[in-house]
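# Coordinate analysis (summary)
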Amino acid sequence: MRAHLVRVDAVVVQAVIAGALSFSHLHDLAAAAGQGGWKAWAYPVSVDLLLVAAWRRMRQLQRAGEAAGSPRLWFLVALAASLGANVATAGLLDLGHVPASLRVVVAGWPAVAFFGGTLLAHAPHMREAPRAPDSTTADPSEEQTPALAAVDAPGPDALPVLAPDPVTEPGTVEPETVQAPPSGPAVALPPVLIERVRALSDEHRSATGRPADPDTVRARLGLPPSMTASVAAHL
């Protein structure tokens, strides 16, 4: 924690020193270019404000995933003005005889800074970045899968409730009824229904001692008459 505080303090001290030197260089250059009094002190404030405003706007656009060309341009303009003043006051320029072109640049800076600051302040609002899909939201395809699976393979609970076969009283002989062979092609039954058909057949054989009638089993399963042949194929 202490090392972190020392590192932050060093950065702050370095920023203060660099800002003070740049501020002084801009003031000296503006005063040498004929901007005396309070005007010479206003120039470094104008340059630094434009630099900070352009940097903040550029970072906002980059975080939103939008192009930051205009803020980057004004950031480079303000950086060039600050860096140019630092270099000009390093002995490469005679501050007692400033060129006329530099006087024009210094005199025209307020209008340039005002124009750039207005564009940065009144730029169109940023569009909201697209939100990431919420991991807690269920996928519609996942929600529909169990329903489709239930339709394809119905469980035992979905089968109709069947009434038990009437029990034949002892001593009563039930006449054998000959059923005509089922007509029509057999339709494939799901595995669940096949198991149910065989279970009903075994139950009927245990109770009566006779094989189950396909039409009776079909009726107990709640199937249409056209499925009699399919039921008979598994008895």
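Anything mentioned here points back to the structure above.
On a predicted model such as this, the values are computed, not experimentally measured, just so you know.

The next point concerns the environment of alanine 33. The residue alanine 33 is located in the loop between helix 1 (2–32) and helix 2 (38–63) in this model. By relative accessible area, alanine 33 is classed as buried at 6%. With 72 residues separating them in the primary sequence, alanine 33 and valine 105 have C-alpha atoms 9.2 Å apart. Contacts of alanine 33, omitting those with residues within four sequence positions, involve Val98, Arg103 and Val106.

This next bit is on the nonpolar core. If you look at the biggest cluster of nonpolar residues, it comprises 22 residues, and the most contacted ones within it are Leu50, Val106 and Trp109. Put simply, the parts of the chain that give this core at least two residues each are helix 1, helix 2, helix 3 (69–92) and helix 4 (100–121). If you look at the next biggest cluster of nonpolar residues, it comprises 10 residues, including Leu189, Leu193, Leu200 and Leu221.

With that out of the way, let us pick up helix 6 (residues 191–208). In this model, helix 6 (18 residues) spans 26 Å end to end at C-alpha, consistent with the 26 Å of a helix rising 1.5 Å per residue. Every buried residue of helix 6 is accounted for by Leu193, Ile194, Val197, Leu200, Ser201 and His204. Projection of helix 6 onto a plane perpendicular to its axis shows the buried side chains occupying an angular sector of 130°, all on one side. Among the exposed residues of helix 6, those oriented more than 90 degrees off its buried face are Pro191, Glu195, Ser206 and Ala207. One or two residues past the end of helix 6 sits glycine 209, with phi positive at roughly 80°.

The rules behind each value
- Residues numbered from 1 in each chain as written.
- Predicted model: local features only at pLDDT ≥ 70, side-chain atom pairs only at ≥ 80, totals over all residues.
- Heavy atoms only, no water.
- Helix = DSSP H or I, 4+ residues; strand = E, 2+ residues; numbered from the N terminus.
- Buried < 20%, exposed > 50% of the residue type's maximum accessible area, 1.4 Å probe, protein only.
- Contact = heavy atoms within 4.5 Å.
- Core = buried A, V, L, I, M, F, W, Y, C linked by side-chain atoms within 4.5 Å.
- Expected span 1.5 Å × (residues − 1).
- Arc of directions from axis to C-beta.

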